[in-house]
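# Summary of the model geometry
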Amino acid sequence: MKKYKYLSFLILVTLVVFTSCTDEFLEVEPQGAPTAASFFKTETDVTRATNALYLMNDFQGTYGRGMFLYSIIPSDDFVVGKSKSQIEQIKDFVTTGSGSYTRDIWPKHFQVVKRANDILNNVPDIEGVSDDVKNFALGNAYFMRGLAYFQLSLLYGDDRAGIPIVDETTTDFYISRPESVTVSYEYAAENFTKAAALLPLFSDLSPSDYGKAHKNAAYAYLAKTHLHNAEFDSASWQKVIDACNAVTATQEVLEPNFKDVFKIDNNWGNEYIWSIPSNTTGGSILPGASLENKGWSKYNGWGYFAPTLDLYESYQAGDLRRDATLLVFGDAFEFFGETRRYWSTKNLTGIQLKKYMEPYSYPNGEHLNGNGDHPTTDLNVPLMRLSAVYLMRAEAKIALGQNGDTDLNIVRERAGLPAITAATLAHVKYERRAEFAGELFGRFEDLCRWGDSAELKQSLRGRQHDDQEDPDSGFTIYEVWPERSNFDLLKHRVWPIPPNVIDSSLGLIKQNER
Amino acid sequence: MKNLHEIKGKTLPFIKFDLKMKLTTLFVFATFFSVLASNIGYTQSLTLEEENTSIVKVIDKIEAMSDYKFIYNTRFVDLNRKVSIKLIDANIEQVLTILFMNTSTAYQIERETQIILKHKKDADRSKSSNKTVTVTNKQQNKISGTVNDDTDQPLPGATILIKGSSAGTTTDFDGKFSLEIDSDDAILVVSYIGFATQEIPVNGQTEINVQLVVDSAALDEVILIGYGTVTKKELTGSIAIAKNIEDRAVTQVEEALQGNVSGVTVLSDGGDPTSTPTIKIRGLGTSSAEKPLWIVDGVPYYGGPINPFDIESLTVLKDAASASIYGVRAAAGVILVTTKKGKQGKIQVDFGAFTGVQNVYDKPVALNTQQYTDMYNIAYDNSDTPRLDYFDGVSNPDRLVQRTNWVDEIFRSGIIQNYDIGLRGGSEKYTFSSSLGYNKKEGILINTYADRLSFRYNSALKLSDKIKIGENFSYTLINGQSAFTGTQADNGETNYNGIIAAAIKAPPHVSIYNSEGVYSDVGDGQNGDVIHPVGTLERINIDNPKRNTFGNLFLEYKPIDKLIFKTSYAINHSDEFYKEFDPRVAEASKLNKATNKLTQIQANEINWSWENTLNYTNTFNDAHAFQLLGGYSLQHQEREFDGIVAEKFESEDPLLLFIPLAEEINDITYSFFENKLVSFFSRVLYDYNKKYFFSASIRRDGSSKLNQDRRWENFPSVAVGWSLSEETFFKSDFISNLKLRASWGRVGNIESLSSYPTNLPLSVENTILGGKGYQKGVVLDGRSNPDINWEISETTNFGLDFSSENNKWNLTADYFIKDTNRWLNRTPVSSLEGIGTSPFQNSGKIRNKGLELALGHTKNEGDFTYNLSGNVSFIKNEVIELAPRFDIIADDITQVATHYPLANAVGQPLFSYYLIESDGLLRTDAAVTNARANGQPDAQLGDLRFIDQNNDGVIDDDDRVFKGSAFPTVSYGLNFSANYKKFDFSIFLQGTQGGVAYNGYKLTTTYPAHTSVSGSNLLDTALDTWHPGNPNASNPRLSIDDPNGNIQPSDFWLEDTDYLRLKNISVGYTLPKSPYFDKLRIYATGQNVLTWTNYSGLDPEVSNRGVDGGQYPVARTFTLGFNLTLK
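Residues numbered from 1 in each chain as written. Chains lettered and ligands numbered in written order. Predicted model: local features only at pLDDT ≥ 70, side-chain atom pairs only at ≥ 80, totals over all residues. Heavy atoms only, no water.

Here we come to the overall build of chain A. A tally of regular secondary structure across chain A gives 22 helices and 10 strands. Taken against the 2.2 N^0.38 rule, which gives 24 Å for 514 residues, the C-alpha radius of gyration of chain A at 26 Å falls within 12% of a compact globule. Taking the principal axes of its C-alpha atoms as reference, chain A extends roughly 105 × 55 × 45 Å. A burial count over chain A gives 64% of its 514 residues as buried. Restricting to contacts in chain A with at least 6 residues of sequence separation, those with at least 24 account for 70%. As displayed, chain A has an accessible area near 17900 Å², and 50% of this comes from carbon and sulfur atoms. (Helix = DSSP H or I, 4+ residues; strand = E, 2+ residues; numbered from the N terminus. Rg over C-alpha atoms; globule rule 2.2 N^0.38 Å. Buried < 20%, exposed > 50% of the residue type's maximum accessible area, 1.4 Å probe, protein only. Contact = heavy atoms within 4.5 Å. Areas by Shrake-Rupley, 256 points an atom, 1.4 Å probe, with all protein chains shown as cover.)

Rendered as structure tokens:
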């Protein structure tokens, strides 16, 4: 009996002791992950915060479908390769912005802005970390914030309204859109300028930092920002030239052969300025999304992007870029270690985008992501190449009444084309179309800023082969996409802001009227 | 001791004072609750079986087994007189009456436990002689008989009284009795605790056999409340008890609650064998996590699924006044479970087994090859587009060969097996109960299953008259494999992955295997995006064992009379292991694999709680009954989770699929959380003369999730009751009980919140940069909210209980208003803030109003007895306030394909449909012209007409209107059970009304491409689409481009989900007792036998907030089984 009494007594005592320290009992520290208080202390923290800026690299809603659908599909170079209403609505300029393939573009970009601001707010005050490390992080933050504003401006901003400006001092996030996209382009430019000052050249980066921002990427995007802003502010043309000069001061030799630009070996080659780093784990799914639907039973291609016959026929005779960019029936190519001749039962135009197919040439798919639902490859998808710098400078010079021949001919020469003299904007237009077919922010945005609505409205053609499994089959030319007479340059050059962004803005973010 | 009795000739009366107190109890609950209960009326029951034993020995025995003390003078009591007595569960008066029948000894009970034995003459002089029951010696007619229960089990200890007199007897061990009566007109009143009392006129009979029927509404029924028990009579809150669990061959506890209890809505998550139905008590109270709190044998339970075989009772605490003693975790109601306990006596061995088969109830029908090509040709014609050669049966005759019915291929008959064994028993000091159960269910889709192994052990040990300790232990192991049946995948790809939809869409002219013997290419040619339905199912290779180990140790200490201290420690450890292998499969249609992958996830969760309570019960002046409770508890929860993805295994031999053998390790994740809760609580229950009832409780909870200044919150409650039927002015022969109840209380909810909402951990993300694999990024991808606070739910309840005489008719009615204040809601933040998920904020208010009725009727007529019970609940749910600055918040989580049809808005039910309104099909040219002029420029015959609500000439999101929600406004159940001789029969119907589903299943299988059609096969609904040859069709035309937007989210896809289901029908037969067993019942049961509904989808019970993606349908099951109790 006694021992039970002692036991009960013991329990009562424990109870009293426990009761008196409940507040201590209730204090719980988060474990398993750092918290705001424990972060931004070391160099590793700085590196990891910088890495987090690049969340969109592996996000197909931006760099897979996402922006590629908005940029490539609406042009006269491509049609929707297979029936997908979301994409067809984009092609026909009737999208509402709520489609799952594109609705995350806006919020993801602002996540990048938030992360950049976190770095800008925290990194300068860290003790015990070298200035080089800090400057690199700050440069990356400015660059990525600039890139976010540039891309959002291009997709959603025009002279009716720009993109709300958020910087590291912003605390109230209910902000109206500025009166013109020029405001947000200028903000992007300001960020690129700061980034360029802080960042090292790519050649000075250690391989472990490959994929992160560097000086010439900042200058090249500064040029591109001004190129687009020049439509609204002609003072920008000179700034394009200045920025391009800054790039070519340290990087001037193009990759000698155009087709080699799109090879895994040249991911970080002469031509590289900026790309979406990719590997067999993640990165851009564009190569898989543009590959033949079901990949001739070898790999899960999605077949979204079908080049038009109009694009194919636009190449001048002898332009090496045509065959490096496109495959038509009968063309030989390497596929899973074998040479095959192109045919397709599924492609609506009878033409395949070849630019990103090098990763599929190797046996056993060794450079491919094993997950066919996330078809990335070891090929980095280029977003900014050195040839763009030459073509931007050529265009700016011509716009300012100067001579752009030298820059233009550097690009033409590599394409196997003869040099021209007294180049005009028309020559620039040809070069840009031939050079950047199937690349992000090329043809569609160019046609819009040049005001070439006719090209965007016209009906588009493809080839209908008699026997779709025979590479030598004859074909008839047919209208693969009807005329888009509804296209209104003033409204349709920009895309609808995702409705949930509008809904959560308390009425401050106004939709692009369509 | 013995020799003390033998001392004779002492002049002073020998007062026996040995206080060898022992406690036994009649109640089946061997837990704390039983102790409480037995203190309420202090009725200890005794079981005696003595043959030719001396009175002194009998007295010794009684003292040994009970708290009774005998006080007597040896002169007046013949201690050596030999008696034979056989009594089961008799009360002390019955025992004493029989012991001292026809002797000169009289007895008197003082202070409940003191029995004073006196000489009759003394007793006659004493003023408390009215307690004495005397049985006269007059020569009388003798009648005898047996008393059995409704399963023909004898009822020992049943009381038989002669109406209008105090004479009577009790039945013996075999349920037999004999009694002498002085008049042939006498009426016998036969009663037994828990059974309906019967009155039987003797009418000159000499043998009377009585069958008593369980009284489902007995007023002395003991009802569990939080930390205690009351009798039904004393109840003031709104509490419901689930009955008939054992008879229904259910495999999950939740199923037993469906339709069985008013105010409780059980939504089955389709027929997926691995899923668990969702329980909603009194409507949707909040927008996120909301689960009832389970209390098993008195402790908060976070363990594995409970085997229905182990359950003794299920009690649902519905109103806040009943639940608030559980404070923070009780906002969604509390479910109290008691498991079966051992009883004193011989060891009882029970077996239960059933096996059955389940089938799909209503299999979808896809088009055959001819219909498939016909409908595609129509679609192309409708779109003014040249027909494709592919769909030309003449040039492509292979298209018309019917090779595979894919729907038939993915469904099968699934076998259900269930085996249970229970072992229960005990002695005076020790009782135990143990059981082992195994259940295996094969799903109706191939390669899906679930199995469960469960073990339970509990015991109680009386260390002394003051101390009792006990334990509960359970272990469950579950495993299973399911298939994805929705329409939404992780990557946002939406229209081709649900397996049932895939089987409808797969081309019927393609065989399952190609000529090389591998899964054929179903996606070839123009068949659209289709996965191989059979291959996808057969490839599922998941091993996902979840183990739960639960243990609870408690100690009860009774330092003084009427006061009980209890301390209880419970711990649950659940560990889950998930291993999925994704092979490189030789399958022509699944060519996207260049490698294989092993995903391995491990999760560990530990929950412990320590509770200490003091309970004091007393009654003053025979009228004022008090029950006081005070308690304190600590709870702790921690969960650890790690995952790893390994790729590139050279060999796919299952024996070689281990992480070290992978070439690449890609994704390592880890997370940990911990939270704690401290609670103080107390309650007073009071009644005056069982007429006026009052109870009040308060609980103070402190949670580690909240900041210090908001951490503590008080949850009060108060309840009153008035038993009108006890009032003298209210006497009625018809009414045995009429009580009015009212209660109010508050409970809290912070289950929605993560462990650290005020100090969010940073997220570790995988990013791709230069180089192989991932690199780590770290970011604060949310916003900590230091102001976050408790969500408070407040319920006011008015109730009425009514019983007619003998409980023939019973009615319980409750009306409640339940308000959720400071609703924890993820209100949208500005996209410009750049955080991944909106933080929780306390904003808004939700109101549920409802009426619940439960009616029961019992009737006995000779061999035939029946019981009819029904319940119905009406619930109205409404968002009263949303968030500052928001009138409508679209739900951007719940979707089907690319449709997000739900939104929350003030004045509407939670998760309402918010859609464009449609107005039928355009069937005339005039209608088309009109539509073209009013916002539908591309309209054609056979398109849908939409309503331009704002008359702006455009059909767009601004034209959306609210169109109800999925949650039913009425749910009901009807149960009829009957016994005739040894047969029993029961039928159970259940249904709901007022719910609406968004039939995305029909949408995505009839118009799979969202531009209408794009090559894949279609559901047979496609035959009922408009085309010039079918102008009266109900559905819009098929096309290949859908220029009119027929497929956009509109109310055309909404359908009522009202249904009435024959949920269960059983027939059983109980075999006569044999030398080998006490009881053997064999039965046949059908579940989900028939469903009456107008809903055209697979099943009217749609989960996913009513957005139907063609989920796993509920199966129809037929089982055969038996329950056996060994001799």
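Here the narrative resumes, following the displayed structure.
If you tally the helices and strands in chain B, you get 13 helices and 56 strands. Across the 1127 residues in chain B, those meeting the buried criterion constitute 58%. For chain B, contacts bridging at least 24 residues in sequence account for 69% of all contacts bridging at least 6. When the accessible surface of chain B is totalled, it reaches about 44400 Å², and 53% of it is carbon and sulfur.

A few words now on the packing of helix α16 (residues 386–399) of chain A against helix α17 (residues 405–414) of chain A. Residue and element names in this part refer to chain A. Direction vectors running N to C along α16 and α17 enclose 140°, while the axes themselves pass 7 Å from each other. By the angle between their axes, α16 is oblique relative to α17. Judged by the twist between their axes, the crossing of α16 over α17 is left-handed. Judged by residue contacts, S387, Y390, L391, R393, A394 and K397 of α16 engage D407, L408, I410, V411 and R414 from α17. Here the residues of the contact of α16 with α17 are counted per class, giving 6 nonpolar, 1 polar and 4 charged. (Axes fitted to C-alpha atoms, helices over the stretch in contact; angles between N-to-C directions. Parallel < 35°, antiparallel > 145°, perpendicular 65-115°, else oblique. Left-handed = near helix turned anticlockwise from the far one by under 90°. Nonpolar A, V, L, I, M, F, W, Y, C, P; charged D, E, K, R; others polar.)

All right, on to unusual backbone geometry then. In this structure, L506(A) is a non-glycine residue whose phi angle is positive, near 55°. Considering the arrangement of structural elements, one finds L506(A) in the segment after α22 (499–503). Of note in the backbone geometry, D297(B) takes a positive phi value of approximately 50° without being a glycine. Relative to the helices and strands, D297(B) resides in the loop between β18 (293–296) and β19 (299–300). Classification of D297(B) by relative accessible area gives buried; the value is 4%.

Turning our eyes to something else, we now look at the packing of helix α7 (residues 105–122) of chain A against helix α8 (residues 131–156) of chain A. All names here are of chain A. It is at 9 Å that the axes of α7 and α8 come closest, and there the two elements cross at 155°. Of the possible angle classes, the one that applies to α7 and α8 is roughly antiparallel. Classified by chirality, the crossing of α8 by α7 is left-handed. Side by side, α7 and α8 meet where I105, W106, H109, F110, V112, V113, A116, N117, I119 and L120 of the first sit next to A137, L138, A141, Y142, M144, R145, A148, Y149, Q151, L152, L155 and Y156 of the second. For the contact of α7 with α8, the residue count by class is 18 nonpolar, 3 polar and 1 charged.

Below, the discussion takes up the interface of chain B and chain A. The interface of chain B with chain A comprises 87 residues on the first partner and 89 residues on the second. For the pair chain B and chain A, the summed buried area comes to about 7300 Å², and 57% of that belongs to carbon and sulfur atoms. Joining chain B to chain A, the criterion identifies 4 salt bridges. Linking E765(B) and R115(A) is a salt bridge whose minimum nitrogen-to-oxygen distance equals 2.7 Å. The interface formed by chain B and chain A contains 17 residue pairs in polar contact (both at pLDDT 80 or more). Counting residues per element, the ones that place at least two in the side of chain B that touches chain A are β28 (546–557), β29 (563–582), β30 (597–620), β31 (624–647), β32 (664–688), β33 (692–703), β36 (763–767) and β37 (775–779) of chain B. Per-element tally for the side of chain B that touches chain A: the top contributor is β32(B), with 9 residues. The class makeup of the residues in the side of chain B that touches chain A is 36 nonpolar, 34 polar and 17 charged. (Buried area = accessible area lost by both parts, 1.4 Å probe. Salt bridge = Lys/Arg side-chain N within 4 Å of Asp/Glu carboxyl O. Polar contact = N/O pair within 3.5 Å; in protein donor to acceptor, adjacent residues only side chain to side chain.)

Among the surface-exposed residues, I421(B), L436(B), L453(B), F455(B) and F473(B) lie close enough to one another that they form a single nonpolar patch of about 360 Å² accessible area. Within the secondary structure, F455(B) is located in strand β25 (residues 449–462). (Patch = residues over 30% accessible without salt bridge, like charges linked within 9 Å, V, L, I, M, F, W, Y side chains within 5 Å.)

We now examine the pattern of salt bridges. Taken as a whole, this structure holds 66 salt bridges over all chains when the rule is applied. R115(A) is paired through a salt bridge with D781(B); the nearest N and O atoms lie 3.5 Å apart. Residue R115(A) is found in helix α7, and its partner D781(B) is found in the loop between β37 and β38 (791–804); the two belong to separate chains. Assigned by exposure class, R115(A) and D781(B) land together as buried. One salt-bridge network, in which partners are shared between bridges, spans E271(A), D319(A), R321(A), K355(A), R385(A), R412(A), R414(A), E431(A), E435(A) and E439(A).

Bringing the sheet that holds strand β8 (residues 168–170) of chain B into the picture now. All names here are of chain B. Strands sit in the order β8-β7-β10-β11 across an open sheet of 4 strands; the sheet is antiparallel. At either end of the open sheet lies a strand with only one pairing partner, and these are β8 and β11 (198–201). Mean inter-strand twist for the sheet, computed between neighbouring axes without regard to direction, equals 20°. Here 4 bridges tie strand β10 (residues 187–191) to β11, and the two strands are oriented antiparallel to one another. Looking at β11, one finds that V190 is bridged to Q198. (Pairing = 2+ DSSP bridges.)

Turning our eyes to something else, we now look at the confidence of the model for chain B. Residues and elements named next belong to chain B. The predicted model of chain B averages 83 in pLDDT, with 89% of residues at 70 or higher. Within chain B, strand β53 (residues 1054–1056) carries the highest mean pLDDT (96), whereas helix α2 (residues 32–41) carries the lowest (32). Predicted confidence for residues 489–495 stays below pLDDT 50, and this span has 22 contacts to residues more than four positions away or in other chains. Complex prediction metrics read pTM 0.81 and ipTM 0.92. (pLDDT = per-residue confidence, 0-100.)

Here we come to the pairing of strand β56 (residues 1115–1126) of chain B. Residue and element names in this part refer to chain B. Alignment of strand β22 (residues 345–360) against β56, held across 11 bridges, turns out to be antiparallel. Residue pairing across strands places N359 opposite R1116, the latter belonging to β56. Sheet topology note: the strand β55 (residues 1077–1093)/β56 ladder contains 10 bridges and is antiparallel. Bridging across to β56, Q1087 finds its partner in T1117.

Turning to the side chain of E833(B), a few remarks are in order. Relative to the helices and strands, E833(B) resides in the loop between β40 (824–825) and β41 (841–842). For E833(B), a relative accessible area of 11% gives the class buried. At 2.8 Å, the side chain of E833(B) and the side chain of R783(B) are in polar contact. For E833(B), the residues in contact, after removing those within four places along its chain, are K114(A), F173(A) and R783(B).

Turning our eyes to something else, we now look at the packing of aromatic side chains. In this description, an aromatic ring pair is defined by two values, namely the gap between the centres and the angle between the planes. Under the criterion given, the structure shown has 64 aromatic pairs over all chains. Both rings, one in F202(A) and one in W268(A), keep their centres 6.1 Å apart while their planes meet at 20°; by these two values the pair is stacked. Highlighted residues: F202(A) in the loop between α9 (181–198) and α10 (215–229) and W268(A) in the loop between α11 (236–248) and β2 (272–276), separated in sequence by 66 residues. Here the aromatic cluster, defined as three or more aromatic residues joined through ring pairs, consists of Y54(A), F143(A), F150(A), Y185(A), F192(A), Y221(A), W274(A) and F441(A). Seen from the ring of Y449(B), K440(B) lies directly overhead, with NZ or CZ sitting 4.8 Å from the centre. We note R1105(B) situated over the ring of F911(B); from NZ or CZ to the ring centre the distance is 3.7 Å. (Phe/Tyr/Trp six-rings, centres within 6.5 Å; stacked < 30°, edge-to-face > 60°. Lys NZ or Arg CZ within 6 Å of the ring centre and 35° of its normal.)

Residue and element names in this part refer to chain A. Extensive coverage of α17 is indicated by the burial of 7 of its 10 residues. All of the buried residues along α17 are D405, D407, L408, N409, V411, R412 and R414. Its buried side turned inward, α17 meets α15 (320–325), β8 (381–385), α16 and α18 (425–436). In the segment just after α17, G416 is the residue with positive phi, at about 85°.

The next thing to look at is the sheet that holds strand β21 (residues 334–339) of chain B. Pairing between the strands of a sheet is mediated by backbone hydrogen bonds and can be parallel or antiparallel. All names here are of chain B. A sheet is described by the order of its strands in space; here 5 strands give the open sequence β15-β20-β21-β18-β19, paired in mixed fashion. Every other strand in the sheet has two partners, leaving β15 (239–242) and β19 as the edge strands with one partner each. Sheet topology places β18 next to β19; 2 bridges connect them, and they run antiparallel. Directly across from I295, in β19, lies its bridge partner P300.

Take helix α8 (residues 369–382) of chain B next. Residue and element names in this part refer to chain B. The end-to-end C-alpha distance of α8, which contains 14 residues, comes to 20 Å, matching closely the 20 Å that a straight helix rising 1.5 Å per residue would cover. Counting buried residues along α8, 10 of its 14 residues qualify, which places the element largely inside the surrounding structure. Among the residues making up α8, those that are buried are T369, Y372, T373, M375, Y376, N377, I378, A379, Y380 and N382. Where α8 begins, the side chain of N368 points an oxygen toward the backbone nitrogen of Q370, at a separation of 3.1 Å. Phi turns positive one or two residues past the end of α8, at D384, with a value near 55°. (Expected span 1.5 Å × (residues − 1).)

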